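Structure at a glance
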Amino acid sequence: MSTASGAGAVAGEESRWRGRSLWLDTLGEPIEPHPRLEGTVDCDVAVVGGGFVGLWTAYSLARADPSLRIVLVEAEIAGYGAAGRNAGFVSAGIAGEARVYRRRGGDEGVIRAERAMIDAIDDVGRVVAEEGIDCGWVKGGSLRVATSRPQLERISAGLEARRARGIGEEDVWMLGPGEIAGRVRIAGVLGGAFTPHCARVHPGRLVRGLARACARRGVRIHERSPAREIVARRVTCEHGTVRAEMVVRATESYTVRLPGERRAFLPLYSHMLATEPLSDAAWEQIGWSGCETVADQHHLFAYAQPTVDGRIAFGGRCAPYRAGSVIREADEVRPAIHARLDRELRRWFPAAAGAAVTHRWGGSLAVPRDWSMAIHCDRAAGLAWAGGLSGHGVVASHLCGRTLADLIRGEDTELTTLPWVGHSSPRWEPEPARVLATRAIAAALAGADRSEDARQRPARRAALVARWTPGR
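Residues numbered from 1 in each chain as written. Predicted model: local features only at pLDDT ≥ 70, side-chain atom pairs only at ≥ 80, totals over all residues. Heavy atoms only, no water.

Turning our eyes to something else, we now look at the packing of helix α4 (residues 98–130) against helix α10 (residues 393–408). Taken N-terminus to C-terminus, the directions of α4 and α10 make an angle of 90 degrees; their axes are 9 Å apart at the nearest point. Comparing the axis directions of α4 and α10 gives the class roughly perpendicular. Residues Ala116, Met117, Ala120, Ile121, Asp123 and Val124 of α4 form the contact with α10, whose participating residues are Val395, Ala396, His398, Leu399 and Arg402. Here the residues of the contact of α4 with α10 sort into eight nonpolar, one polar and two charged. (Axes fitted to C-alpha atoms, helices over the stretch in contact; angles between N-to-C directions. Helix = DSSP H or I, 4+ residues; strand = E, 2+ residues; numbered from the N terminus. Parallel < 35°, antiparallel > 145°, perpendicular 65-115°, else oblique. Contact = heavy atoms within 4.5 Å. Nonpolar A, V, L, I, M, F, W, Y, C, P; charged D, E, K, R; others polar.)

Glancing now at the pattern of salt bridges. All chains considered together, the criterion is met by 37 salt bridges. Linking Glu130 and Arg63 is a salt bridge whose minimum nitrogen-to-oxygen distance equals 2.6 Å. Pair noted here: Glu130 is in helix α4 and Arg63 is in helix α3 (residues 52–64), with a separation of 67 residues, a long-range link. Residue classification places Glu130 among the partly exposed positions, given a relative accessible area of 47%. Look at Arg63 and you get partly exposed, because its relative accessible area is 37%. Among the salt bridges present, the one from Glu229 reaches Arg234, with a minimum N-O distance of 3.1 Å. (Salt bridge = Lys/Arg side-chain N within 4 Å of Asp/Glu carboxyl O. Buried < 20%, exposed > 50% of the residue type's maximum accessible area, 1.4 Å probe, protein only.)

With that settled, the discussion passes to helix α7 (residues 203–216). Two residues of an α-helix separated by three or four positions point the same way, owing to the 3.6 residues in each turn. Taking 1.5 Å of rise per residue, 14 residues should cover 20 Å, and α7 covers 20 Å from first to last C-alpha, within 8% of that figure. Across the 14 residues that make up α7, a large majority, eleven, are buried. Taken together, the buried positions of α7 are Pro203, Gly204, Arg205, Leu206, Val207, Arg208, Gly209, Leu210, Ala211, Ala213 and Cys214. Where the residues of α7 are buried, they touch α2 (22–25), α3, α4, β8 (220–222) and α10. (Expected span 1.5 Å × (residues − 1).)

Of note, Ala187 is situated in the loop between α6 (177–181) and β6 (191–195). For the pair Ala187 and Phe349, spaced 162 residues apart in sequence, the C-alpha separation works out to 6.5 Å. If near-sequence neighbours (up to four positions away) are discounted, Ala187 is found in contact with Thr147, Arg347, Trp348 and Pro350.

In space, the eight strands of this open sheet follow the order β5-β6-β4-β13-β14-β15-β12-β16, with mixed pairing throughout. The strands lining the two open edges of the sheet, one partner per strand, are β5 (173–175) and β16 (357–367). Along the sheet, successive strands turn relative to each other by an average axial angle of 25 degrees, direction set aside. Against the sheet, helix α9 (residues 335–348) contacts β12 (266–275), β13 (293–296), β14 (302–306), β15 (312–317) and β16, and its axis sits at roughly 50 degrees relative to β12. (Pairing = 2+ DSSP bridges.)

This is the structure:
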């Protein structure tokens, strides 16, 4: 391929990459991919996946030991997957179920896990500052709001559960409707809870900036290099092979495309949309000067952030799943789902009723059978992996990367003793049980939300799906 034709091919792909989300479309810079992997490369550590888990692993290793030869391969571009499509919440909260981690680490282990997530927020912020990553970082905290009495009851119950796990009054507290309105005016809010442990970011700029930081520290990155086989000490890509002392699989929901891994995770979708930049008059009505992230307590919950460029980015969980764990670009824009999000956004923010929606997108997240993340490292075999972050990826991925770096280097640290290290989730059921169950759950949760909104009391049918969908 000539240089001219190669540049043309990349230009054509750039349009597709930018079309994946608001975040990739508004990077403020061209997307110039690193070269494809060609031929055979030898190194100390090979990382598969250019999302947050893979990049934080490579960055942590390079920072801890600059002499390491690290190669990272990515099927598309860094940030193509969930890292470039999420809500941009750098938020606390364990990525999993307390009861699962309690079996491995007891009550103390759960408390340590929760605190590790909280501490990791500032760790991410320090890297953002030190590496000069311009991603709109604002640590304004997070609001969990209730627009019905049942939602308010769930927020209160969740607060009590966190208190029992050692989360104090300085970490999270209840707010009345007036106190919430003093931060952001959302129609119909009855109350909620606030935690200072959250930052708002532009996730596309964060992930691309992290990739640049890795490259500056000597990590060799190959984009547009899909891995066809990942085994101990070897990664076989479309046009080349990486041989390494240690191979790290950091492929999250895309793991289901690998041989034998279709039932490892359930690739569930979250969908989002974004308005055009709002006028100063609209922002004066809404408030939101602190850039708090916001989520409600519907079973199929909604969430929002004010973006760096003055938009509202608004998303929600709708639990769509395609039989056979298929992930495809055609499912990223779902008219019915995006129409529901559009209605909800304008219900929350009447001041934005006339704003045009400029971006609609979606992305898959990796949900393990017990909804709890895991980190594994077999130094003798030369294979490690981490994943199953179930939508908590921006912070949990940072912990995964730092933990994998410690494990790969043979270090015994506070991170390597947290209860998700060595945890194994069961496999998901085979089809057709998987697709039938997920569709039934999505319908039950949507019905529970409609019932609660109409009658203002908890819907019993939601309890029927607790075995499949543990609470947040």
